[in-house]
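# Coordinate analysis (summary)
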Number of protein chains: 2
Amino acid sequence: MARINASIITIGDELLIGQVIDTNSAWIAQRLNELGIAVERRVAVGDTTTAIWNALDEELKTCDVLLLTGGLGPTADDITKPLLCKYFGGNLVVDDKVLQHVKGIFERRNRPMLERNMKQAEVPDNCTVLFNRMGTAPGMWFTKNNKVIISMPGVPFEMMAIIEDEVLPRLQKMFVSDVIQHRSIITAGEGESFLAERIQDLEEALPEHIKLAYLPSYGMVRLRLTGRGTDSLRLSKEMQLRQEELANRLEHCVISLQDLPLEQIVGKSLVEKHATLGLAESCTGGNLAHLLTQAMGATTYFKGSIVSYYTEIKEQVLGVSSQTLASHGVVSEATASEMAKGAADLLRADYTLAITGLLSGTKDEHGVEPGTVWIAIKHADGIFTKKLQLFYDRLRNKEMATQMALLYLWRVINGKV
Amino acid sequence: MARINASIITIGDELLIGQVIDTNSAWIAQRLNELGIAVERRVAVGDTTTAIWNALDEELKTCDVLLLTGGLGPTADDITKPLLCKYFGGNLVVDDKVLQHVKGIFERRNRPMLERNMKQAEVPDNCTVLFNRMGTAPGMWFTKNNKVIISMPGVPFEMMAIIEDEVLPRLQKMFVSDVIQHRSIITAGEGESFLAERIQDLEEALPEHIKLAYLPSYGMVRLRLTGRGTDSLRLSKEMQLRQEELANRLEHCVISLQDLPLEQIVGKSLVEKHATLGLAESCTGGNLAHLLTQAMGATTYFKGSIVSYYTEIKEQVLGVSSQTLASHGVVSEATASEMAKGAADLLRADYTLAITGLLSGTKDEHGVEPGTVWIAIKHADGIFTKKLQLFYDRLRNKEMATQMALLYLWRVINGKV
C-alpha cells in the first residue's frame, strides 16, 4: 500500500511577523492522520505572489496532497485565489451556488452586500468548488499530475467546516493508504531522562514501524507510540501490547492511558466517584475554572470558583481571618487552608481546592520567595496541603501552578498522596 | 542596505501530527522583526534525518539566517545535534562549561545524573556554543558561506532565554539591516469588507513600502500597517501619519491604536479611571478572570470573580432569587442583572460584569435558543444589559462571549454605549 504524504502551506504575513499563532496546521494534521495520511512538511509564507508560487512549486515536488490556508478574504491583501487560478491555468467565473450562499449570509445578518463580497463568489473554472457553510469564501480543489491541491480560508472554523464536509470524504475515496495509529501514556512526577532510563530495553525492542516520542510539559511527560501498518486490527493489537508493557513498567507515575488534557483526566475521576468540585483561586486567577469548564461534561461535577484576587475578597467572601493574614501572610499554608474551608462552606462540593501564590517579583513582607505557591484540598477525610516552589516567569508560573494543582487534585481524588 | 531574510525550521513529529501547537515560531519572528530581520518562511519537519537534512539544504538556498528548534533532548527521538555535526563536518566533543552547568542543574534539583544527561554536554567542535541558562541542552551557532545557522531546544522558555541572551546580540552586531515597523488600529463592530470600503482611497494611496493587512477575530478587526525603510525616524513619522489618517476615518469603531489583547485595553481604561472591576461568570467559566489576570497590572484593578457554574451557586452565593430563576430562567436579562447586583455586593467594585448563557445544545425549558448570552454591567450610574446571539460551537461561543463581554465593558467604561 502506498504511503500518502501531505504538505500544508499557510499563507499570511501575520504568521511570519508573529502576530498570529498557527493553530490550523495542528488540527488539519490530526484529521489527515486519522485517514492514514502523514503530514511531512508544513510551510508558512507571506502574502506575496513569489513566496506562494515558489512554495507551490517546491511542495508539489514531494507531496501527494497539498493543503493551503489563507489569503481568500475580500480585502486587498488576499491574493491566493487569482494566483491559484493562474498557476493552474484557469479563468475566474461566478459560481451561482456560492453567490446565492453569500447573499443569504448578508441577508441573515441584515447587512448590505458590497461589490467586493460579490467577488467572493468568483472561482477558477478549472477547480471543484468546496462549499463553505460557515463563511463567504469557498474552498477550491485542483488536481494536477495525480496530485491534489486544496485551498481554504484561514479562518479556523470555516477551514474546519470545509475539511469535514468536503475534503475528508473526497480524500478517503481517492486514496487507499497506510493506517497510522497513536497511543499515549501520560506520566507525572518523573523527568524524561529517568523515564527513558527505566524503559530503555523496551524502547530498543520496538519494531521498525513503531516509534516512541517523549513530550515533556509542566511536570508531566507524555509518551506517544506511533505505529504504521496495513492491517488496522493487527496494528491496534500490537500497539496495545506495547502500550501496556510500557505502562506496567512505569506504573508508579502513569496517570492516564488516554491523551487528554489534565483537567479532563481530573474530570473523569470526579465522574467515576460521583463527586463535585469547588475552587478558591488566587494566583491562578480563574485559569483552573476556565480549563475545567472547557470540557462539556463539567456541568455535572464543577460547581464554581471563588476567584479572590484582592486580599479583601479572601477575608470578606471566603472568611479568611485577618489574624491569619497578618501573622502568616497571603501566601501560606494557613491562608490556603482557610480559603479551602471558606469555599467549601459557600460551594458545598465534595472536593474543594484552594490555591494562593506569589508568581513573580520580590520577597513579600513575610519573607515568601517569588515562585512560592500553596495548595489546599479539602475533602470528606480532611485537608491535604502542598507547597510548590516554581522557577519561571509570571505567566509560566501561573500555568505551572494550574497544572500542579490539577495533578495534586487527581492524586487526592484517587488516593495517591 | 541589504534586506536580511530568515527561515525557521521547527523539528518534531509532535508538530506534524497535531499534538503540539507551534508557538515558538511566532515569538521568534517578533524578536527578529525588531532587529529588521524578516522571516520569509517557516517550515515544520518530523524527527527523521532525511526530512531535516533536506530542509537544511532547501532553506539555505534562500535565507541569510536559519533558526532551528527542537530535537536536542536526551531521548532517542532527539537527533538534531549529531545530524548538524555531520552536516557541517565537525566532531562531537565535551564542553566543560556546559558539563558543569548540567551537573549544577541536577545538583540543585537534587536528582542523580544519568549517562544520557552527560551527553547533553557534548557539542560539535565547529560551532559556537550558546549557553542555555534555563535547561540542559545548549544552543549551537554555525556559519557557512556567510550564512548563520542557529540550533536551539524546542522547550519554549529555554529557546527564549537563548534567543535573548545569545542570539539577538550576535545578530545585531553581524547584520546592519532594514528597519521594519508595525502600527495597528484595533476596531470593533464593523466587518472587514466595510472597513475596506471606507478606507479604500487611503489604502490605494499607500506607498509601495507600506502594506496594510486586515486581521478579523471575534467581532473585531485588527488593521496592521507594516513599513520598511532605512531611516527609522523618518519611517516612524510616515507610519504615524498613515495610522492617524486611517484612525480618523474609522473613528466610530476604533478602540485602540496599540496592538494589545482586548483585556489589556480594558485594563488600561480601568487604570485611567482609577476604577476596580468585579465579575460574576457563568458560561465563560472563569475565562474572563483568567484573561484579565494575564496582565501584570491586574492586581491594581481586578478584585475577583464569582464563577457560579451550578445554578445553586447563583442562588446561594450571588443571591439570585429562586423566583427570577423559575420565571425567567438562568439565561435571562433578569438573572444576569441579579448576578451583577449580587457580585457587586460581595466584591464592592466600581464596575461589576455578570454573564450567563447557553453555549450549545438545544433550547432550554424557557425557550432560550443555544447561543443566547446575557451580559449585565453594574456601575455607579445604573446597569447596562445586552443580549448576544452567537452562532458557533460551544468552545468558540465561550471565547466569543468572553471577547464580547470585554468589548461591552470597554464601551460602558468609556461611555460609548
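Cut-offs applied
- Each residue is numbered by its place in its chain's sequence as written, counting from 1.
- All chains are assigned letters beginning with A, and all ligands numbers beginning with 1, in the order in which they are written.
- The predicted origin of the model limits local features to residues at a pLDDT of at least 70 and limits the giving and counting of side-chain atom pairs to 80 or more, whereas totals for whole chains, interfaces and linings rest on all residues.
- Helix numbers and strand numbers start at the N terminus; a helix is a DSSP run of H or I with at least 4 residues, a strand a run of E with at least 2.
- Comment: burial labels come from other C-beta atoms within 10 Å of the residue's own C-beta, placed from the backbone, where a count of 20 or more is buried, 12 or fewer is exposed, and between is partly exposed.
- Paired strands, as defined in this entry, are two strands with at least two bridges between them according to DSSP.
- Axes, fitted as lines to C-alpha atoms, cover a helix only where it is in contact. Angles between the N-to-C directions of the axes lie from 0 to 180 degrees.
- Contact definition: two residues whose C-beta atoms, as placed from backbone geometry, lie within 7 Å.
- In this scheme, the bend at a residue equals the angle between the axes fitted to the seven residues that finish there and the seven that begin there.
- In this count, Pro and Cys sit with the nonpolar residues alongside Ala, Val, Leu, Ile, Met, Phe, Trp and Tyr, while Asp, Glu, Lys and Arg are called charged and the others, Gly among them, polar.
- Our superposition of the copies is a least-squares fit, built on the C-alpha atoms of residues whose pLDDT is at least 70 in both.
- An automatic or database domain assignment supplies the residue ranges for each domain.
- Working rule for angles: under 35 degrees goes down as roughly parallel, over 145 as roughly antiparallel, 65 to 115 as roughly perpendicular, anything else as oblique.
- Crossing handedness is defined as follows: a turn of the near helix away from the far one that is anticlockwise and smaller than a right angle gives a left-handed crossing, while the clockwise case is right-handed.
- Whether a crossover is right-handed depends on one test, that the path from the first strand over the helix to the second runs clockwise when the strands point away from the viewer.
- Among buried residues, those of type Ala, Val, Leu, Ile, Met, Phe, Trp, Tyr and Cys that are joined through C-beta atoms within 7 Å form a set called a nonpolar core.

### Here's the deal with the overall build of chain A
For chain A, the helix and strand inventory stands at 16 helices and 17 strands. Expressed as a percentage of the 417 residues in chain A, the buried residues total 49%.

### Some details on the sheet that holds strand E17 (residues 382-389) of chain A
Hydrogen bonds between backbone atoms are what pair the strands of a sheet, whose relative direction is either parallel or antiparallel. Judged by pairing direction, the sheet is mixed, and its 10 strands sit side by side in the order E17(A)-E16(A)-E15(A)-E13(A)-E14(A)-E14(B)-E13(B)-E15(B)-E16(B)-E17(B) without closing on themselves. Every other strand in the sheet has two partners, leaving E17 of chain A together with strand E17 (382-389) of chain B as the edge strands with one partner each. Going from strand to strand, the sheet's axes swing by 15 degrees on average, the running direction of each strand aside. Taken strand by strand, helix H15 (residues 333-347) of chain A contacts strand E13 (277-281), strand E14 (302-308), strand E15 (351-357), strand E16 (372-379) and E17 of chain A, and its axis lies near 140 degrees from that of E15 of chain A. Packed onto the sheet, helix H16 (residues 394-413) of chain A meets E15, E16 and E17 of chain A and runs at close to 150 degrees relative to E15 of chain A.

### Considerations on helix H7 (residues 156-174) of chain B
All names here are of chain B. At Ile163, H7 shows its maximal bend, which comes to roughly 45 degrees. Along H7, the positions that sit buried rather than exposed are Glu158, Met159, Ala161, Ile162, Ile163, Glu166, Val167 and Leu171. At its buried positions, H7 is contacted by helix H2 (24-34), strand E3 (65-69), strand E6 (128-130), strand E7 (139-144) and strand E8 (147-152).

### A look at the interface of chain B and chain A
Across the contact, 72 residues belong to chain B and 72 residues belong to chain A. When its residues are assigned to classes, the side of chain B that touches chain A shows 34 nonpolar, 22 polar and 16 charged. Relative to strand E14 (residues 302-308) of chain B, E14 of chain A is paired through five bridges, and the arrangement is antiparallel. Paired with Ser305 of chain A across the two strands is Val307 of chain B, which belongs to E14 of chain B.

### With respect to the pairing of E15 of chain A
All names here are of chain A. A large share of E15 lies buried, amounting to seven of its seven residues. What you see with E15 is no split at all: Tyr351, Leu353, Ile355 and Gly357 on one side and Thr352, Ala354 and Thr356 on the other are buried throughout. Of the strand pairs in this sheet, E13 and E15 are connected by five bridges, and their pairing is parallel. Its bridge partner being in E15, Leu277 is matched across the sheet by Tyr351. Strand direction decides the pairing type here: E15 and E16, joined by six bridges, are antiparallel. Within E16, the residue paired with Leu353 across the bridge is Ile377.

### Considerations on the sheet that holds strand E10 (residues 210-217) of chain A
All names here are of chain A. Ordered by their spatial adjacency, four strands build an open sheet running E10-E11-E9-E12, and the pairing between neighbours is antiparallel. Among the strands making up the open sheet, the edge pair consists of E10 and strand E12 (254-256). When the angles between neighbouring strand axes are averaged without regard to direction, this sheet yields 30 degrees. Bridge count between strand E9 (residues 179-188) and strand E11 (residues 220-229): 10 bridges; the pairing is antiparallel. Paired with Ala188 across the bridge in E11 is Met220.

### Digging into the relation of the copies chain B and chain A
Once turned by 180 degrees and shifted 0.0 Å along the axis, chain B lies on chain A with an RMSD of 0.0 Å. Classification of the inter-copy transformation places it as that of a two-fold axis.

### A closer look at the environment of Ile255 of chain A
Residue and element names in this part refer to chain A. Turning to its location among the elements, Ile255 is positioned in strand E12. Separated by 21 residues in the primary sequence, Ile255 and Thr276 place their C-alpha atoms 20 Å from one another. Contacts of Ile255, omitting those with residues within four sequence positions, involve Ile186, Thr187, Ala188, Ile265 and Trp410.

### Structural notes on the domain arrangement of chain A
The domain architecture assigned to chain A consists of domain 1 (5-174), domain 2 (179-256) and domain 3 (262-413). Placing the centre of domain 1 of chain A and that of domain 2 of chain A at their C-alpha centroids yields a distance of 36 Å.

### Quick notes on the packing of H2 of chain B against H7 of chain B
Residues and elements named next belong to chain B. Where H2 meets H7, the axes come as close as 11 Å, and the angle between the chain directions of the two elements is 20 degrees. Taken together, the axes of H2 and H7 are roughly parallel relative to one another. Crossing of H2 over H7 shows right-handed handedness. Here Asn24, Trp27, Ile28 and Arg31 of H2 lie close against H7, whose contacting residues are Pro156, Met159, Met160, Ile163 and Leu168. Of the residues assigned to the contact of H2 with H7, the class counts are seven nonpolar, one polar and one charged.

### Quick look at the packing of helix H3 (residues 49-62) of chain B against helix H4 (residues 80-87) of chain B
All names here are of chain B. Interaxial distance between H3 and H4 falls to 11 Å at its minimum, and their mutual angle equals 45 degrees. Taken together, the axes of H3 and H4 lie oblique to each other. Seen from above, H3 lies across H4 with right-handed handedness. The residues of H4 that touch H3, namely those facing Thr49, Ile52, Trp53 and Leu56, are Thr80, Leu83 and Tyr87. Within the contact of H3 with H4, the residues separate by chemical class into five nonpolar, two polar and no charged.

### Some words on the pairing of strand E13 (residues 277-281) of chain B
Looking along a regular strand, one sees side chains alternate from face to face of the sheet. Residue and element names in this part refer to chain B. Burial runs high along E13: five of the five residues are buried. Neither face of E13 is open: one carries Leu277, Leu279 and Glu281, the other Gly278 and Ala280, and all of them are buried. The pairing of E13 with E14 spans five bridges and is classified as parallel. Counterpart to Leu279 in the pairing with E14 is Ser305. Handedness of the E13-helix H12 (residues 287-292)-E14 crossover: right-handed.

### Points about the environment of Gly191 of chain A
Residues and elements named next belong to chain A. Mapped onto the elements, Gly191 comes out in the loop between E9 and helix H8 (192-198). Note on Gly191: 19 C-beta atoms within 10 Å, which makes it partly exposed. Put simply, Gly191 and Asn110 are 81 residues apart on the chain and 56 Å apart in space, counted from C-alpha to C-alpha.

### Some points on the nonpolar core
Ranked by size, the top nonpolar core spans 142 residues in total, and within it Ala343 and Leu409 of chain A together with Ala343 and Leu409 of chain B carry the most contacts. With residues up to four places along the chain from it excluded, the contact list for Ala343 of chain B reads Gly278, Leu279, Ala280, Ile306, Leu318, Thr352 and Ala354 of chain B. In this structure, Ala29 and Met159 of chain A together with Leu15 and Leu130 of chain B belong to the second largest nonpolar core, which totals 90 residues.

### Some points on helix H11 (residues 262-272) of chain A
Side chains that are three or four residues apart share a direction in an α-helix, a result of its 3.6 residues per turn. Residue and element names in this part refer to chain A. When you tally the buried positions in H11, you get eight out of 11 residues, the bulk of the element. Residues of H11 that are buried: Leu262, Glu263, Gln264, Ile265, Val266, Gly267, Ser269 and Leu270. Close packing links the buried residues of H11 with E12, E13, helix H12 (287-292) and H16. In the segment just after H11, His274 is the residue with positive phi, at about 50 degrees.

### A short note on unusual backbone geometry
Residue and element names in this part refer to chain A. One non-glycine residue, Asn145, lies in positive phi territory at about 45 degrees. Counting through the fold element by element, Asn145 comes out in the loop between strand E7 (139-144) and strand E8 (147-152). For Asn145, a count of 5 C-beta atoms within 10 Å corresponds to the exposed category.

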